[in-house]
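Inside the fold
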Amino acid sequence: MNAESEDMERQAEAGDIEAQLALARVHEAGGKAALARGWYARAAKQGNIAALRGLAVNLLTKTPIVERDGVNMIRSAAHKGDAEAAYICGMLAAQDHRLEDRWKIACECLGHAAERGWEPALEQLSFLERIGVRENPDVLTKALPTRSVSETPRISVIENFASKEICEWLIARARPRIGRAMVYDRNIGGGRVEEARNNYSVAFDIAQSDIILMLIRARIAGSAEVSPEGLEATAILNYLPGQQFEPHFDFLDSAVPGYTDDLRSNGQRVATFLLYLNEEFDGGETEFPELGWRYKGRTGDALLFWNVDGSELPDRRTLHAGLPPTSGEKWLLSQWLRKRPAAAMRL
């Protein structure tokens, strides 16, 4: 620990709220969620609303997730006037498929955040107005018919799943946060960097999401005919020329030690949904080498394939690869779909 960090910790220990907040954020950025949680809690006990919101987000997005406490705290921060907390309440409402009028409630929360000057809420409401769905956003959740291209394994295409404007919005949301993509660690679970996958990626948790992405997620669940609770965090992928994801499977093999706990807690990754966000590139197809088939969607087209067979066992014919663009850059939305155990968390 350097002198600056030691000084910050001394100030935090002495009760300096700003130092406690800063230390919480440093620990969170360094992957030390438990330490961050403790400092957020100490600042929140002193009545700091930003700390209360930070603690709520930590509880909702970092393991171990404590959903009930996180939801109660984010609601409390919103009631106390925090604009970002009101915004996150909107995202919580949007993902709750059991909530009547959830899209109306979500937009009302965005409205409260916008009134308090939260810029992302202002931008999203303006975008919904621009594409003509501000008063009826759930039109974007309507399930769309799929066109089968393979019965075994099950692979379908959905043309015009999303508009060009929505695709451009998603790219713009991802671009500032994009980083090196990871693969699933076969030994200990979690992610790690490997040369087999050298493209870029960014995932959106509940606090980083937006109303447009939430609407698209609802359409994905409806079109795939799966429970919305089965959707993992959505990712946006970016491939520059020469970048690729070598042939791999998306299912989790129960014989691999690093997958065991994940399967027990979260269930099998039964399907994969890919939304093609642009087409200004050469090459870059999604390839299924066992089938001798490649696919490259136009802007807004989608590909849905099932990683398990009719008995819900891993289907090794779903081996697939993200081929490298030869020119231009490729953008995709990637959504994994789980069959959740009954007791699995939703966030």
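Everything below is about the structure printed above this text.
Residues numbered from 1 in each chain as written. Predicted model: local features only at pLDDT ≥ 70, side-chain atom pairs only at ≥ 80, totals over all residues. Heavy atoms only, no water.

Notes on the sheet that holds strand β16 (residues 330-339)
The line we're drawing: Two strands form a pair only when DSSP identifies at least two bridges running between them. Strands here are runs of E lasting at least two residues and helices are runs of H or I lasting at least four, both read from the DSSP assignment and numbered beginning at the N terminus.
The eight strands are arranged β1-β2-β13-β9-β16-β7-β6-β3 in an open sheet whose pairing can be described as antiparallel. Lying at the two open borders of the sheet, with one neighbouring strand each, are β1 (147-150) and β3 (179-180). Of the strand pairs in this sheet, strand β9 (residues 268-276) and β16 are connected by eight bridges, and their pairing is antiparallel. In the strand pairing of β16, F273 is matched with Q335.

Some points on the state of the cysteines
Spelled out, the test is: When two cysteine sulfur atoms lie within 2.5 Å, the pair is treated as a disulfide. Each residue is assigned to one of three classes by its accessible area relative to the maximum for its type, calculated with a 1.4 Å probe on protein chains only: buried under 20%, partly exposed between the two thresholds, exposed over 50%.
Counted under the stated rule, the structure contains zero disulfides. As a non-bridged cysteine, C89 has C109 as the owner of its nearest cysteine sulfur, 5.6 Å distant. A relative accessible area of 12% places C89 in the buried class. Classification of C109 by relative accessible area gives buried; the value is 15%.

As for unusual backbone geometry
For the bond from T63 to P64, the omega torsion is -5 degrees, close enough to zero to count as cis. With respect to the secondary-structure elements, P64 resides in the loop between α4 (49-61) and α5 (67-79). In this chain, T152 is followed by P153 through a cis amide linkage whose omega measures 0 degrees. Tracing the backbone through its elements, the reader meets P153 in the loop between β1 and β2 (155-158). One non-glycine residue, D101, adopts positive backbone phi at about 60 degrees.

Looking at the nonpolar core
Selection rule: Put simply, buried Ala, Val, Leu, Ile, Met, Phe, Trp, Tyr and Cys residues joined by side-chain atoms within 4.5 Å make one nonpolar core.
One finds I211 and L333 to be the most contacted residues of the largest nonpolar core, which totals 82 residues. Counting residues per element, this core draws most heavily on helix α10 (residues 211-224), at 10 residues. Residues A235, L237, Y239 and L303 belong to the second largest nonpolar core, which totals 14 residues.

Comments concerning the pairing of β1
Of the pairings in the sheet, the one linking β1 to β2 comprises three bridges and is antiparallel in character. Bridging across to β2, S148 finds its partner in S156.

Brief notes about the pairing of β16
Among the 10 residues in β16, eight count as buried, and that is most of the element. As paired strands, strand β7 (residues 234-239) and β16 are joined by five bridges and run antiparallel to one another. Opposite L237, over in β16, you have L332 as the bridge partner.

Details of α10
Our working rule: In a helix, the anticipated span is given by 1.5 Å times the number of residues less one. For the purposes of these results, a polar contact is taken to be a pair of N or O atoms within 3.5 Å, where, inside protein, one atom must be able to donate a hydrogen and its partner to accept one; residues adjacent in sequence count only when each atom of the pair is a side-chain atom.
End to end, α10 covers 20 Å across 14 residues, agreeing with the expected 20 Å (1.5 Å per residue, within 8%). Counting buried residues in α10 gives 13 out of 14 residues, a clear majority hidden from the surface. A side-chain oxygen of the first residue of α10 lies 3.0 Å from the backbone nitrogen of I212; this N-cap is D210. Once α10 finishes, E225 follows within two positions and takes phi at roughly 60 degrees, a positive value.

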